[in-house]
Structures are given as structure tokens and as C-alpha cells.
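Here is how the chains run, residue by residue.
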Number of protein chains: 4
Amino acid sequence: MSTSTTKRDQILDSALSLFAERGFDATTIPMIASDANVGAGTIYRYFENKEVLVNTLFQHYVDLFTKTLEEDYPKDAEIRDQFHHLFQGMVRFTNEREHALHFIKTHNAAYFLDDTSRSRFDRLLMILEDFIDEGKKKEQIRDLPSNALIAIIFGGFLELFKLIRAGEIEATDQLLVGVEESCWDAVRHHA
Amino acid sequence: MSTSTTKRDQILDSALSLFAERGFDATTIPMIASDANVGAGTIYRYFENKEVLVNTLFQHYVDLFTKTLEEDYPKDAEIRDQFHHLFQGMVRFTNEREHALHFIKTHNAAYFLDDTSRSRFDRLLMILEDFIDEGKKKEQIRDLPSNALIAIIFGGFLELFKLIRAGEIEATDQLLVGVEESCWDAVRHHA
Amino acid sequence: MSTSTTKRDQILDSALSLFAERGFDATTIPMIASDANVGAGTIYRYFENKEVLVNTLFQHYVDLFTKTLEEDYPKDAEIRDQFHHLFQGMVRFTNEREHALHFIKTHNAAYFLDDTSRSRFDRLLMILEDFIDEGKKKEQIRDLPSNALIAIIFGGFLELFKLIRAGEIEATDQLLVGVEESCWDAVRHHA
Amino acid sequence: MSTSTTKRDQILDSALSLFAERGFDATTIPMIASDANVGAGTIYRYFENKEVLVNTLFQHYVDLFTKTLEEDYPKDAEIRDQFHHLFQGMVRFTNEREHALHFIKTHNAAYFLDDTSRSRFDRLLMILEDFIDEGKKKEQIRDLPSNALIAIIFGGFLELFKLIRAGEIEATDQLLVGVEESCWDAVRHHA
DNA sequence: GATGAATGAGGCTTCATTCAT
DNA sequence: TATGAATGAAGCCTCATTCAT
């Protein structure tokens, strides 16, 4: 009856926090094992090696994030409402999985990512790109390169959540409304 | 007066590029030595150990960046002009020292930074904070927590320069003007 | 009375082939378990540990080989006929248990053999020694140290069967007759 | 002025004895390091990994043995004299490098040998094969497959030297003369 | 001062062995 | 009795650091 966490999940959870906090290279297998309360050898029953573990994790959260953004996406709504949907998605995803977005952000260009990981990440970017491109066509979004605009929102948003995680800012609704407005002003077309 | 690069500087230069490109943990001392054309042992004549090296480097570039932002700061000018000064500073610093800002960005929360490094980095943030706070007092900057606003500009700006360094965007003047405008719109008070 | 192979025998069979083919150290318990179609833990119901398993196996086949040589040994026949009996024993034993003699050969000086294994092996050698000694007394076998002569026939014979197992030579009757003659000429007293 | 043994040679020497005595898989790098009085890491300055070490060693001694057999080979002499030359070569080689021939013998079919090692070993066999083939043409050597005859001499000889190394037989000149005669009788054509 | 050979602690990974089911 | 998931000791190998030259 209990929502028993499997060992595999414990390992993935521990790996996520540690990779997010210290980075892949500074995180050792014994660290993950000890944090997950399993023997070091146990990790190898579930993941062929450390790189497979990090790629599995990366793909899992990139896919989850992608799903979060795509779910109930208001295809026919106003650009501003679509932006709101995406922003809310980021917020919700970050709240549910404290470290996931930061992990994705800090590892998306890493040398150890395999082709699958890279293409999953590209798919994620494409969602944002499509949104930006449509907004530009409707002249509601600035005429700057799409990836530049993505970088600005994504970068700003994540840097902000680092502060929230560090406890330096409290994530009130009011703050989030303000930040959303700020990010929107960064990308929207100003008359 | 001589322009001859000292061994110490060669080491710091090599360490900067390698740390920026691969990260601290994935960079080995022999890699730095070989890139700097010195023996591995030589590094230890100038730096007690790898952590001292990375902290020295971090402090050096944080200070240099701080100086760049402070130099000729238009204390009495309009907020918008002050923002322009800061933004130009970031651009200039990034252009002069290709890897420095990226290195600072990717390592500013690392587990191996010592107290001095952390406080130097805080001092850097304080410049931005002071600017923000003054702007808020004059009601020309949004009423959001200062560190939140810093996160947004800093985060967005750096994410953007990652793309430029990766060659995915060309850093034309026009682009920079557009990005500056975008960042400014993110923080300024909208009527 | 039943011919059903017990799990214990399946384990011993698999261990024999694997030890013979790959050697003790390169053979893992999971390999043996999987080849024997039993769980890895099951092996430990029958054998205290890997060393006990290999010693059990070694003793089993050394004893079997010993019995093969002793069975119907023509005590009162000519030396040449006794030699023929021994040689035929080796051939028969090798044919019946493809890997057994090779396993004995490659493991008879191994670091993990216990005293029992060593003494059983000595007993095997003694049969050959007795034969040699009697032959020397009758001046039908060369005057060389017994163990030297055993080494020569044993070594040569086994090296030959390695080739046969590797498929590099076909074990025709004609070949075996020739080899027997060759080995006999190596040990017999020449006028 | 001293014939200082280099560390590389110390490592090779220790590896040779240990591989010969325990086999490749049962020999650990720390064992080799400790026997050679070097740090474990030092081994990796000279050999990329354990497999490169064993292949280097194998090739070195196969080549040395090959050279020993080829040197002053009496091309135009009687078959018997050629046999004497080869046998003396084996004896000399074994005396000079106690473990080398045994190492070659026990590892020549190992799974970790690379192509170079295999082809060097084939070259060694070819010397023996050529001798045998010529002898068969002259009807002075038995009509048995060449590799079978090689196996018989090689196998017998090595088994014998195992005894000598173990101290169970003393390698007097008289013994060696007798053994040579025995081996010769094993391969020669009998009227 | 400068070097790079040498070291050994510590990381990744395997596998003999245990034990709950 | 049989299993195989779990463990952790130990093996291979890397690399920060030392030190003789």
C-alpha cells in the first residue's frame, strides 16, 4: 500500500541532487550510493556505468520537462497566454523537482551526453523556438535570434531559481507574477 | 615594462581556458601544464595546489570584472545610461577575455571556492545591487528583489554569450543593441 | 538409478568446461550459474566457496582419471602392453570428458589447490612412476629420472590434445597409433 | 658504472615471474608493483595497461627465444645436429630466463594476446615447423603432423623444466643429454 | 628556478558471497 | 530448497602532489 520507492529511484534521486549541486565530475559513485542508502555495487545493477546513469537521468527529466510544457499548450491562444503557459510550466516543473531544471541547465552541453540525450534536448528547445518564431511572425515578440531570446528567458529564470533554492528569495506568488512580467518584457515586441 | 608573459601568467591563462571549457574537475594539472608549456611541477612553485590555483584565478577575474564595471561609472547620469555603462562593461570584458566571464559564471557556486572568493564575488554583485536599488528608489526599475533582477540580467546575458562562444550566434553591434534593450526592458519600471 | 542430472552435477559440469576453457581466475560464479541454469546462490548450497568448488572438481577428475588408468591394468603383461594400456586410458578419458584432462593439466600447480588435491594428484603420478620404475628395473625403459619421463609423456600427450581440442589436428586412429609409438620411443630403452 | 636496472626492467622482471607462476588473471598490478619495488602508478608510466604489459612481455620473450633458436642455426648440417642446436637453444634460453619459456607456454593461447603477439608466436612455431618438415622430407623424422610433433617435444620439454624449477630434478649435463636423446627418439623416424 | 618521474590515495567497476523471500 | 538482489572488498587505473636532479 505504501508508495515504496524502488532502489533504482533512490539512486536516480540522489544522483539528481548531487549532479545538480556539485556537477557530474565532482560527484562520485560512493557519494551517490551513500546518499541513496545503497551499496556502491548496487548502482551497477541498474546502470551500466556512471555515464549511462547521467544520460538516463538527463533524458528522463528533459522528457518530463518537455511533457510539462506541451501539456495543455494553448495552441490557439494569444502569444501572451502561451508565454504564461510556458512560464507556469517552468515554475511547476521546478517546484516539483527541485533540482531537475538546474541539472538540465548545467549539463546540457556536457562532453558525456550521448546522441539520444542531445536530440531529446534539441526537441525541448524546439518547443520554445516554435513559440518564439510564431510570436515574431505576429510581431509580438522582438526581432532577435530565437536562441538568443530563449537564452535570455531560460538563463534568467534559472539563475533566479538558484536564488530561491538557496533560500535567498522567497517564491511568493507575487514574486512569480513580477518575474513572469519581467521575462515577458524582455522578449515581447515593444511598440 | 616588458610584455614578456611570465610562467605564472601562462599557467593562469591555460587554466582559465581549460576550466571554462571543461570545468574544474575535468581539468587535470598535467593538461594545464602541457597547455602552458611548463612542467607539471612548475605549477606548484606558483600555486600551493589546484584549489589555490582556481581560487586565485577566480578572484583575479572577479576583481578585473568588478574594476571594468566600476571604471568611469557615471554616478550622476540617468539610470538608463548607467545600465548602458554596465552592459557595455560586460560586453567589453567578455570580448577581451573570451573565457573569463563564462568561467566566473560556471564556477561561482562551486564547492571548492574559499571565503575570499565568495566575498569578492559578493562585492561584484553589490555593484549591480546598488545600481538596482538606486533605480528602484527613482521608480525607474521594477519593484522586484534586487538579486532577482540581477539574476535575470546576469543569467540571460551569460546564457547568450555561451551561444556566441559556441558560434551559434554572431555578435554584431545590432544584436548587442537589441539584447541590451531586451535586458533593460526586463528590469525597467514599465508605466 | 535415475539418470537425471542433479543440480550439483550441472554445476560441476559447467565449472569444468569454463575452468578448462578460460581458467579458474577468469571464470566467475555468475558465469557458472548461468551456464548451469541455476541461480548464483544455489552454487553456495553445494560448495562452500569458489575454491572448494575447484578443489572438489579437481579431485573428482583426478580420481576418475586414476581409476581409468588402474582399471584392468595388466599387471603381469609386457611393459609395452602396460604402456599401451596407460596410453589408451588417457585417450579414452580425454574422449569421454572432453575438458577434464586439460583442466587437470592447466590447474595441477595452481595456488588455490589444497593439500587433498595435491596428494590426489601425487597419487596419480605415482601410478605412472610405478610403471616407469618397473620398466627401468627390466631395462626396458630409459635410465632417466621417473618424473622426468612422466613429464615428457604427460606433457607431450596433453599438448597434443590441446591441438586436437582446438581443431588443428584430427584425432584419427592412425594419428593416435603414431603418437603412442612416438611417446613410447621417448621412454623406452634403446638397444 | 653499475649495470643499473631501470624501473621498466624491474617491472618486466617481476611481471614475468608472477605471470609464469600464477598466471595473468591471478596476478594483480599491486603484486607486480610491490615485487618490483615501485609504486602501482609507476607501472602505468611504462605500460598503458595490464594487457599492454603482458603483450609487451610476451613479444619480448618470444622474440628472444626465436633469436636464440635462429642464431648459428646449422642450415646445412644433419637433421640430428639441427635438433641438437634447437634443444640446446631451449636449454640455454630456459637457463638464462628461468620463467620465460614457461610464461610463453602457459599464455600462448590467452584471450588477451593481441595480433602482434599471435603473429610473433606463429613465427616461432614456424622455425620448428620448418625443421620438422625438412626432416620429414629426408625421411629422418616421423610421418606425423608437424604441430603434433612440436607439441610432443615442446610439451615434454617444458613439463620437465617445471620439475627442474621446482627443484625436484637436478639439471645435470648427463640428464640433459638423456632428455635430448629421449625427445629425439620421440620425433625421429625409426627404421 | 624548472622539470617530470615517481608515488599512492581515491575513483570507477567487478564479482564472490550473503540473505530475505 | 532455490533464487537473485544486494553488498562491499578488492582490482584496475588516474591524477594531484612531491622531490631528486
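Residues numbered from 1 in each chain as written. Chains lettered and ligands numbered in written order. Predicted model: local features only at pLDDT ≥ 70, side-chain atom pairs only at ≥ 80, totals over all residues. Heavy atoms only, no water.

Chemist: How should I be thinking about the overall build of chain A in this particular structure?
Modeler: Within chain A, the secondary structure is distributed over nine helices and zero strands. Order of helices (α) and strands (β) in chain A, N terminus to C terminus: α-α-α-α-α-α-α-α-α. If one aligns the C-alpha atoms of chain A with their principal axes, the spans along those axes are about 60 × 35 × 35 Å. By the burial criterion, 50% of the 191 residues in chain A qualify as buried. In chain A, 69% of the contacts between residues at least 6 apart in sequence involve partners at least 24 apart. Surface accessibility of chain A: about 9,200 Å² in total, with carbon and sulfur atoms responsible for 46%. For chain A, the separation between the mean place of its 21 positive charges and that of its 32 negative charges on side chains is 4 Å. (Helix = DSSP H or I, 4+ residues; strand = E, 2+ residues; numbered from the N terminus. Buried < 20%, exposed > 50% of the residue type's maximum accessible area, 1.4 Å probe, protein only. Contact = heavy atoms within 4.5 Å. Areas by Shrake-Rupley, 256 points an atom, 1.4 Å probe, with all protein chains shown as cover. Lys, Arg positive; Asp, Glu negative; His and termini not counted. Charge placed at Lys NZ, Arg CZ, Asp CG, Glu CD.)

Chemist: Would you mind showing me how to read the UniProt feature "DNA-binding region" (unreviewed entry) in chain A here?
Modeler: Using the residue numbers shown here, the UniProt feature "DNA-binding region" (unreviewed entry) corresponds to residues 28–47 of chain A. Within residues 28–47 of chain A, the helical portion is 70% and the strand portion 0%, while the C-alpha atoms at the span's ends are 14 Å from each other. (UniProt positions renumbered as here; feature names shortened; annotations may be inferred.)

Chemist: Just checking my understanding: could you explain the protein's contact with DNA strand E for this structure?
Modeler: Inspection of the region around DNA strand E gives 31 residues, with Arg45 of chain B, Ile29 of chain C together with Thr42, Arg45 and Tyr46 of chain D positioned closest. Near the protein, meaning within 4 Å, the atoms of DNA strand E are sugar or phosphate in a fraction of 73%, with bases accounting for the rest. Between DNA strand E and the protein, one listed contact pairs a phosphate oxygen with a backbone N or O atom of Gly39 of chain D at 2.8 Å. At a separation of 2.3 Å, a phosphate oxygen of DNA strand E approaches a polar side-chain atom of Thr42 of chain D. Looking at the surface near DNA strand E, the elements with two or more residues in it are helix H2 (29–35) and helix H3 (40–46) of chain A, helix H3 (40–46) of chain B, helix H2 (29–35) and helix H3 (40–46) of chain C together with helix H3 (40–46) of chain D. A class-by-class count of the residues in the surface near DNA strand E yields 11 nonpolar, 14 polar and six charged. (Near = heavy atom within 4 Å. Polar contact = N/O pair within 3.5 Å; in protein donor to acceptor, adjacent residues only side chain to side chain. Nonpolar A, V, L, I, M, F, W, Y, C, P; charged D, E, K, R; others polar.)

Chemist: Looking at this structure, I do not really get the relation of the copies chain B and chain A. What am I missing?
Modeler: For the pair of chain copies, the relating transformation is a rotation about an axis with a translation along it. The transform that puts chain B on chain A rotates by 178° and translates by 0.1 Å along the axis, for an RMSD of 0.5 Å. Look at the turn and shift together and you get a two-fold axis relating the two. Take the interface residues of chain B: 97% of them recur as interface residues in chain A, which is what a same-surface contact looks like. (Least-squares fit on C-alpha atoms with pLDDT ≥ 70 in both.)

Chemist: Can you help me understand the interface of chain B and chain A in this one?
Modeler: As a measure of interface size, the accessible area lost when the parts come together is often cited. In this complex, chain B contributes 29 residues to the contact, which on the side of chain A involves 29 residues. Three residues stand out in chain B for area buried against chain A, namely Ile152, Glu159 and Ser182 of chain B, and they jointly supply 18% of the buried area on that side. Here chain B is connected to chain A by four salt bridges. A salt bridge links Asp185 of chain A to Arg142 of chain B; its shortest N-O distance comes to 2.5 Å. At the boundary of chain B and chain A, one finds seven residue pairs in polar contact (both at pLDDT 80 or more). Tallying contributions element by element places helix H8 (residues 146–165) of chain B first for the side of chain B that touches chain A, with 10 residues. (Buried area = accessible area lost by both parts, 1.4 Å probe. Salt bridge = Lys/Arg side-chain N within 4 Å of Asp/Glu carboxyl O.)

Chemist: Any chance you could explain the nonpolar core here in plain terms?
Modeler: When a protein is soluble and globular, its nonpolar side chains tend to lie buried together. Ile104 of chain A together with Ile104 of chain B are the most contacted members of the largest nonpolar core, which totals 131 residues. Filtering out sequence-adjacent residues up to four positions away, Ile104 of chain B remains in contact with Phe58, Tyr61, Val62, Phe65, Phe93 and Phe121 of chain B. Within the second largest apolar cluster, 130 residues are counted, among which are Leu101 and Phe157 of chain C together with Ile152 and Phe161 of chain D. (Core = buried A, V, L, I, M, F, W, Y, C linked by side-chain atoms within 4.5 Å.)

Chemist: Sorry, what's going on with the protein's contact with DNA strand F here?
Modeler: In the vicinity of DNA strand F there are 31 residues, among which Thr42, Arg45 and Tyr46 of chain A, Ile29 of chain B together with Thr42 of chain C approach most closely. Protein-adjacent atoms of DNA strand F, using a 4 Å cutoff, are sugar or phosphate at a proportion of 72%. Here Arg45 of chain C contributes a side-chain N or O atom positioned 3.0 Å from a base nitrogen of DNA strand F. A distance of 2.9 Å separates a phosphate oxygen of DNA strand F from a polar atom in the side chain of Lys50 of chain D.

Chemist: Whenever I open this one, the UniProt feature "domain: HTH tetR-type" (unreviewed entry) in chain A confuses me. Can you help?
Modeler: The feature "domain: HTH tetR-type" (unreviewed entry), as given by UniProt, occupies residues 5–65 of chain A in the numbering adopted here. Between the C-alpha atoms that bound residues 5–65 of chain A the distance is 21 Å, and the span itself is 75% helix and 0% strand.

Chemist: What is the right way to look at a negative patch on the surface in this model?
Modeler: Residue and element names in this part refer to chain D. A surface patch of negative charge is lined by Asp122, Glu129, Asp130 and Asp133. Relative to the helices and strands, Glu129 resides in helix H7 (residues 115–137). Judged by its relative accessible area of 30%, Glu129 is partly exposed. (Patch = residues over 30% accessible without salt bridge, like charges linked within 9 Å, V, L, I, M, F, W, Y side chains within 5 Å.)

Chemist: Sorry, what's going on with the relation of the copies chain D and chain C here?
Modeler: With an RMSD of 0.5 Å, the operation that places chain D on chain C is a rotation of 178° combined with a shift of 0.2 Å along the axis. Of the interface residues in chain D, 97% have counterparts in chain C that sit at the interface too, so the contact is made through matching surfaces.

Chemist: Sorry, what's going on with the interface of chain D and chain C here?
Modeler: Contact residues are listed per partner, giving 29 residues for chain D and 29 residues for chain C. Between chain D and chain C, roughly 2,400 Å² of surface is buried when both sides are summed, and carbon and sulfur atoms account for 66% of that area. For the pair chain D and chain C, the number of links is four salt bridges. Linking chain D with chain C are seven residue pairs in polar contact (both at pLDDT 80 or more). At the level of secondary structure, the elements contributing two or more residues to the side of chain D that touches chain C comprise helix H8 (146–165) and helix H9 (173–187) of chain D.

Chemist: Sorry, what's going on with unusual backbone geometry here?
Modeler: Leaving glycine aside, a negative phi is the common case for residues, and trans is the common case for peptide bonds. Even without a glycine there, the phi angle at Glu139 of chain A is positive, about 55°. Relative accessible area serves as the criterion here: at 59%, Glu139 of chain A is assigned to the exposed category.

Chemist: Explanation requested: helix H5 (residues 79–96) of chain B in the structure shown.
Modeler: Residue and element names in this part refer to chain B. Between its first and last C-alpha, H5 extends 26 Å over 18 residues, near the 26 Å set by a 1.5 Å rise per residue. Within H5 the residues assigned to the buried category are Ile79, Gln82, Phe83, His85, Leu86, Phe87, Gly89, Met90, Val91, Phe93 and Thr94. On its buried side, H5 packs onto helix H4 (50–70), helix H6 (100–107), helix H7 (115–137), H8 and helix H9 (173–187). (Expected span 1.5 Å × (residues − 1).)

Chemist: How do you make sense of the pattern of salt bridges when you look at a structure like this?
Modeler: Opposite charge on two side chains makes pairing possible when the charged atoms of those side chains draw close. Using the criterion set out here, one finds 40 salt bridges over all chains in the structure. A salt bridge links Glu159 of chain D to Lys105 of chain C, with the nearest nitrogen and oxygen atoms 4.0 Å apart. Here Lys105 of chain C lies in helix H6 (residues 100–107) and Glu159 of chain D lies in helix H8, a pairing that spans two chains. By the burial criterion, Glu159 of chain D is buried, and Lys105 of chain C matches it.

Chemist: What is the right way to read the packing of aromatic side chains from this model?
Modeler: The description of an aromatic ring pair uses the distance of the two centres, along with the angle that the planes make with each other. Using the criterion set out here, one finds 48 aromatic pairs over all chains in the structure. Each ring, one from Phe83 of chain D and one from Trp184 of chain D, has its centre 5.2 Å from the other, and the planes form 50°; the classification is tilted. Of this pair, Phe83 of chain D sits in helix H5 (residues 79–96) while Trp184 of chain D sits in helix H9, and the two are 101 residues apart along the sequence. No difference in accessibility class separates Phe83 of chain D from Trp184 of chain D, as the two residues are buried. Among the aromatic residues, those joined into a cluster by ring pairs are Phe19, Phe24, Phe58, Phe103, Tyr111, Phe112 and Phe121 of chain A. (Phe/Tyr/Trp six-rings, centres within 6.5 Å; stacked < 30°, edge-to-face > 60°.)

Chemist: Honestly, the packing of H5 of chain D against H7 of chain D in this entry has me stumped. Any pointers?
Modeler: Residues and elements named next belong to chain D. Interhelical geometry of H5 versus H7 gives an angle of 160° and a closest axis separation of 10 Å. Accordingly, the angle class assigned to the pair H5 and H7 is roughly antiparallel. Classified by chirality, the crossing of H7 by H5 is left-handed. Across the interface between the two elements, Ile79, Gln82, Phe83 and Leu86 from H5 touch Leu128, Phe131, Glu134 and Gly135 from H7. (Axes fitted to C-alpha atoms, helices over the stretch in contact; angles between N-to-C directions. Parallel < 35°, antiparallel > 145°, perpendicular 65-115°, else oblique. Left-handed = near helix turned anticlockwise from the far one by under 90°.)

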